[in-house]
Amino acid sequence: MSLRIVLHRRIPEDSKLRLQWNGVVLQMEQPEVFYTCEWALAMQSAYRASLTPLLFLGYEGDDLVGVASLAMDIAEENVTFLAGTTADYCDVVTHPRRRHEFVDAVFAELGKTKLRFIALASVPEDSATPAALRASAEKIGFHVYMRPSCLCAQVKLGSTEQRHKLKTALSGYRKFRRYIRAMEREAPVKFVHQQVQAQIQAALPDFADAHVARFLTTGRSSFLSTPERRLFLEELTRRFSGAGVVTMSMLILGERPVAWVYGFQFHGSWFIYQATFDSRQEEHSPGHCLLSTIMIEACDMDGMKVVDLGLGAEGYKERFGNSTRQTLDVTATKSWRRHLREVVRYRVASTLKRSPKVESAVRRTLGRFRRVLGPDR
């Protein structure tokens, strides 16, 4: 039976589609919360002013077998993953054996448009998708470039014996016990994990404000400084209500939360999505204590396999992690000049990271390179 492609310019609020979509997610190599229908609907709701969904559904008869949740710019020339700005992992959703077939069908449809540039971020390297993307894009005349993006730290929980060792190491860690005792001299300390929608919604404003304040102390801008991102977290909380997926973990000192983790428990993974702490308690490392407690509790949970620390190169991730997962950024364009620029841009950035002293010389060279190439065609 041939594969039938259906295109939606808006993601339907359809319970049957949601069940089918999430059923296909569970067939993935590693199912992730970011691939779900709920995530896509939350993106559509929160970012409706800046994103136009481009949803490709693949059917075999009446059975949904593939989902590509993409977005297109207003000029309809550039395509990204719909969840590209919010998801730590992005992928095309099919059973691994159907990936090439479905991606081929999607790119055949994209080839009929005036599309000029595709930028797909955070594709897991261990997925079947990178190879499928390269083959399918090249078939319709696109130049493809793949480069390493982020190395995501993970804590693999392992066997019963390994879990016991991890729990013992974390709970017996001298600094952990010292931090807890220091906070207990001020007020009682407790850890809570909230999964009820009303409780999470009530905690979100303080969490977001603390996240913004913490970033400001380090001279950075928090994603949660935008109303769209705050609305997005509210939408996720609402759409996953009752599913036990969204988990707001908090360290509470007396009656006051001083550390937060907004995360997800999904198909054997406890994902640490966004975390922060009250800077006034920094000397007691409340964030470290909360994360340690999450890992200790995850060790006792049946079916929990990994605590995923997600994107970002924060030092604490290296200290906790015992495994990593590589992601890739993929670009595809019909313009040879733009393709060459993507290659040069990445190599320049990589060079600058290794040797900051050559930055000015490289930038001069890059400027000459751009003048020679001229505008995209």
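Residues numbered from 1 in each chain as written. Predicted model: local features only at pLDDT ≥ 70, side-chain atom pairs only at ≥ 80, totals over all residues. Heavy atoms only, no water.

**Section: the overall build of the protein chain**
1) Next: In terms of regular secondary structure, the protein chain is built from 12 helices and 13 strands.
2) Next: Here the protein chain has a C-alpha radius of gyration of 22 Å; the compact-globule value for 377 residues is 21 Å, and the two agree.
3) Next: Viewed in the frame of its principal axes, the protein chain has a C-alpha envelope of about 65 × 60 × 40 Å.
4) Next: Of the roughly 18,200 Å² that the protein chain leaves accessible, carbon and sulfur atoms contribute 52%.
5) Next: The centroid of the 53 positive side-chain charges in the protein chain is displaced by 7 Å from the centroid of its 41 negative side-chain charges. (Helix = DSSP H or I, 4+ residues; strand = E, 2+ residues; numbered from the N terminus. Rg over C-alpha atoms; globule rule 2.2 N^0.38 Å. Areas by Shrake-Rupley, 256 points an atom, 1.4 Å probe, with all protein chains shown as cover. Lys, Arg positive; Asp, Glu negative; His and termini not counted. Charge placed at Lys NZ, Arg CZ, Asp CG, Glu CD.)

**What to know about the environment of Arg178**
1) Next: Along the chain, Arg178 falls in helix H6 (residues 174-184).
2) Next: Along the sequence, Arg178 and Ser269 sit 91 residues apart, while their C-alpha atoms lie 29 Å from each other.

**Topic: the nonpolar core**
1) Next: Among the nonpolar cores identified, the biggest contains 81 residues, and Trp21, Trp39, Phe232, Tyr262 and Phe264 are the most heavily contacted of them.
2) Next: The next biggest cluster of nonpolar side chains, apart from the first, holds 31 residues, and it includes Leu157, Leu290, Met295 and Val307. (Core = buried A, V, L, I, M, F, W, Y, C linked by side-chain atoms within 4.5 Å. Buried < 20%, exposed > 50% of the residue type's maximum accessible area, 1.4 Å probe, protein only.)

**Observations regarding the packing of aromatic side chains**
1) Next: As enumerated under the stated definition, the model contains 14 aromatic pairs in all.
2) Next: Consider the rings of Tyr89 and Phe271, whose centres lie 6.1 Å apart with planes at 85°: the pair is edge-to-face. You can see Tyr89 sitting in the loop between strand S4 (78-81) and strand S5 (93-94) and its partner Phe271 sitting in strand S11 (residues 269-277), a full 182 residues away along the chain.
3) Next: Phe271 gets classed as buried once you look at its relative accessible area, which sits at 2%.
4) Next: Taking the centre distance of 6.3 Å and the plane angle of 20° together, the rings of Phe207 and Tyr262 count as stacked. Here Phe207, found in helix H7 (residues 197-217), pairs with Tyr262, found in strand S10 (residues 256-266); they are 55 residues apart in sequence, far enough to count as distant. Exposure class is identical for Phe207 and Tyr262. Each is buried.
5) Next: Here a set of aromatic residues connected by ring pairs shows up, and it is made of Phe34, Trp39, Tyr47, Tyr89, Phe207, Phe232, Tyr262, Phe264, Phe271 and Tyr273.
6) Next: Across the ring face of Tyr179, the terminal group of Arg178 is positioned such that the distance to the ring centre comes to 5.7 Å. (Phe/Tyr/Trp six-rings, centres within 6.5 Å; stacked < 30°, edge-to-face > 60°. Lys NZ or Arg CZ within 6 Å of the ring centre and 35° of its normal.)

**Re H6**
1) Next: Those residues of H6 lying buried are Phe176, Tyr179, Ile180, Ala182 and Met183. Seen end-on, H6 carries its buried residues on one side only, within an arc spanning 160°.
2) Next: The inward-facing, buried residues of H6 contact helix H5 (160-171), strand S8 (189-194), strand S9 (246-253) and helix H9 (286-299). (Arc of directions from axis to C-beta. Contact = heavy atoms within 4.5 Å.)

**Considerations on the confidence of the model for the protein chain**
1) Next: When pLDDT is averaged across the protein chain, the result is 90; 92% of the residues are at 70 or more.
2) Next: Considering only residues more than four positions removed or in separate chains, one finds that residues 369-373, a stretch of pLDDT under 50, has eight contacts. (pLDDT = per-residue confidence, 0-100.)

**Side note on the pattern of salt bridges**
1) Next: The final tally for this structure, using the stated rule, is 20 salt bridges.
2) Next: Between Asp278 and Arg256 there is a salt bridge, with its nearest N and O atoms 2.8 Å apart. Note that Asp278 is positioned in the loop between S11 and H9 and Arg256 in strand S10, a separation of 22 residues in sequence.
3) Next: A relative accessible area of 10% means that Asp278 is categorised as buried.
4) Next: Taken together, the shared-partner salt bridges connect Glu13, Glu235, Arg238 and Arg239 into one network. (Salt bridge = Lys/Arg side-chain N within 4 Å of Asp/Glu carboxyl O.)

**Section: the pairing of S4**
1) Next: Pairing of strand S3 (residues 63-72) with S4 involves three bridges; the strand directions are antiparallel. Bridge pairing in S4 links Met72 to Val79.
2) Next: What sits between S3 and S4 in their antiparallel hairpin is a turn of five residues, with Glu76 showing a positive phi close to 60°.
3) Next: As paired elements, S4 and strand S6 (residues 117-124) share three bridges and run parallel to each other. Each residue of the ladder has a partner; that of Asn78, found in S6, is Phe117. (Pairing = 2+ DSSP bridges.)

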